[in-house]
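One-letter residues, chain by chain:
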Amino acid sequence: MSDHPPSTQDPLLPGLYIVATPIGNLGDITLRAVDILKRCDGVACEDTRVTGKLLKHLGISKPLWRYDDHSEHRDRARLVESMHHRAVALVSDAGTPLVSDPGFRLINDCRDEGIPVISLPGPCAAITGLTLSGLPNDRFLFAGFLPVKDKARRDVLAGLETIDATLIFYETAPRLLKALAAIGTVLPDREIAVARELTKLHEECRRGLSHGLIAYYEANPPKGEIVLLVGPPGAAHISADDADDLLRDALGSMKTSQAAAAVAKATGLDRKALYVRAMELKGQ
Ligand code: SAM
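Keep in mind that this is a model prediction, so the values were computed, not measured.

Quick look at unusual backbone geometry
A positive phi angle is found at L98, which is not glycine, with a value near 80 degrees. Among the secondary structure elements, L98 is positioned in the loop between β4 (87-90) and α4 (104-112). Within the chain, T199 stands out as a residue other than glycine whose phi angle is a positive 70 degrees. You can see T199 is positioned in the loop between β8 (192-196) and β9 (204-208).

As structure tokens, then:
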């Protein structure tokens, strides 16, 4: 902890303030983020409507400047130049700027120009998904969005095959099934977690192997925002609760013996033991 935390009365020093914002639950904005947004001279953001709504919710009114890394070099140079005498907050639509979001070029231009850059930690879907998933977290690799095209997606996964760490991807609901199928093909037997709608009303984190998750999401088409996590090689572990969840789902549409067989196939667990457990669950 700093010995001398800055007072909220102090004028804000010119520079660039990287401000993380909520990924769904507005209560997740930090006290420091609110303080900087109140005291800055203006906010560089992805979408002025999205950020305008957040600031309105916080009772803050500031000039908003649209920014993305593909903005004209001239516009970025002007923004950077202004930070010699202005405090500018950088926000994205949600979460931590620069994490699959704009800001990389801006930060580097500021550093080149000797402009102070200050980063405020806060919400990030990748870290929230990791902590919720229960997958090994001593080592993890964030790999952003998987490519949209099938071959490119498989190639990226193949390139990560030997990484001894939990892999974290951002994914969209319409592409989830294809991504799960590709993981099942390229990285078979890996435990997968689908962390959906984090911090929101319908938050869900479902764990299993690709077959089981594909069967579930075929029957229950996913909606909303998704973090997809893939456990490290050799670490697949299906807890008793996870196995129960898979059995309950399967029992919704199959006979007991079929459900046990399907879950055994998806998890590698013993089919007879699953059958006994499925009978117990039916009796409960
Ligand atoms: N910079 C952001 C962050 O720190 O999380 C991520 C921005 S990226 C453009 C948006 C992607 O993040 C979504 O497509 C989804 O994969 C993931 N994401 C964002 N919010 C989420 C949420 N509430 N639940 C699950 N995933 C989320």
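What about a nonpolar patch on the surface?
Taken together, the side chains of Y275, V276 and M279 make up a nonpolar region of the molecular surface, amounting to roughly 270 Å² of accessible area. Residue position: V276 is located in helix α11 (residues 271-283). For V276, a relative accessible area of 47% translates into the label partly exposed.

With respect to the domain arrangement of the chain
Taken as a whole, the chain is organised into domain 1 (15-119), domain 2 (125-230) and domain 3 (240-283). Inter-centroid distance (C-alpha atoms) of domain 2 to domain 3 is 23 Å. Facing the seven residues of domain 2 at the interface are five residues of domain 3. Buried surface at the junction of domain 2 and domain 3, summed over both partners, amounts to about 560 Å²; 57% is from carbon and sulfur atoms. For the interface between domain 2 and domain 3, the tally reads one salt bridge. Taking the shortest distance from any N to any O, the salt bridge between D249 and R206 comes out at 2.8 Å.

A few points about the side chain of R206
Among the secondary structure elements, R206 is positioned in strand β9. Every residue in contact with R206, bar those within four places of it in the chain, is listed here: I192, A193, V194, L213, Y216, Y217 and D249.

Considerations on the packing of aromatic side chains
Considering all chains together, one arrives at three aromatic pairs under this definition. Consider the rings of Y216 and Y217, whose centres lie 4.9 Å apart with planes at 85 degrees: the pair is edge-to-face. For the pair Y216 and Y217, a shared accessibility class is recorded, and that class is buried. Feature note: the residues F142, F145 and Y170 constitute an aromatic cluster, connected by ring pairs. Over the ring of Y216 we find R206, and its NZ or CZ is 3.6 Å from the ring centre.

Concerning the state of the cysteines
Applying the stated rule across the entire model yields zero disulfides. This cysteine, C124, is not joined by any disulfide, and C205 carries the nearest cysteine sulfur, 15 Å off. The buried category is assigned to C124, whose relative accessible area is 12%. Given a relative accessible area of 30%, C205 falls into the partly exposed group.

What about the packing of helix α3 (residues 73-82) against α4?
Running from amino to carboxyl end, α3 crosses α4 at an angle of 50 degrees, the nearest separation of the two axes being 10 Å. Between α3 and α4, the crossing angle belongs to the class labelled oblique. α3 and α4 meet at a crossing whose hand is right-handed. Packed against α3, whose contacting residues are H73, R76, L79 and V80, the element α4 presents R105, L106, D109 and C110 at the interface.

Conventions and cut-offs
Residues numbered from 1 in each chain as written. Predicted model: local features only at pLDDT ≥ 70, side-chain atom pairs only at ≥ 80, totals over all residues. Heavy atoms only, no water. Helix = DSSP H or I, 4+ residues; strand = E, 2+ residues; numbered from the N terminus. Patch = residues over 30% accessible without salt bridge, like charges linked within 9 Å, V, L, I, M, F, W, Y side chains within 5 Å. Areas by Shrake-Rupley, 256 points an atom, 1.4 Å probe, with all protein chains shown as cover. Salt bridge = Lys/Arg side-chain N within 4 Å of Asp/Glu carboxyl O. Buried < 20%, exposed > 50% of the residue type's maximum accessible area, 1.4 Å probe, protein only. Domains from an automatic or database assignment. Contact = heavy atoms within 4.5 Å. Buried area = accessible area lost by both parts, 1.4 Å probe. Phe/Tyr/Trp six-rings, centres within 6.5 Å; stacked < 30°, edge-to-face > 60°. Lys NZ or Arg CZ within 6 Å of the ring centre and 35° of its normal. Disulfide = S-S within 2.5 Å. Axes fitted to C-alpha atoms, helices over the stretch in contact; angles between N-to-C directions. Parallel < 35°, antiparallel > 145°, perpendicular 65-115°, else oblique. Left-handed = near helix turned anticlockwise from the far one by under 90°.

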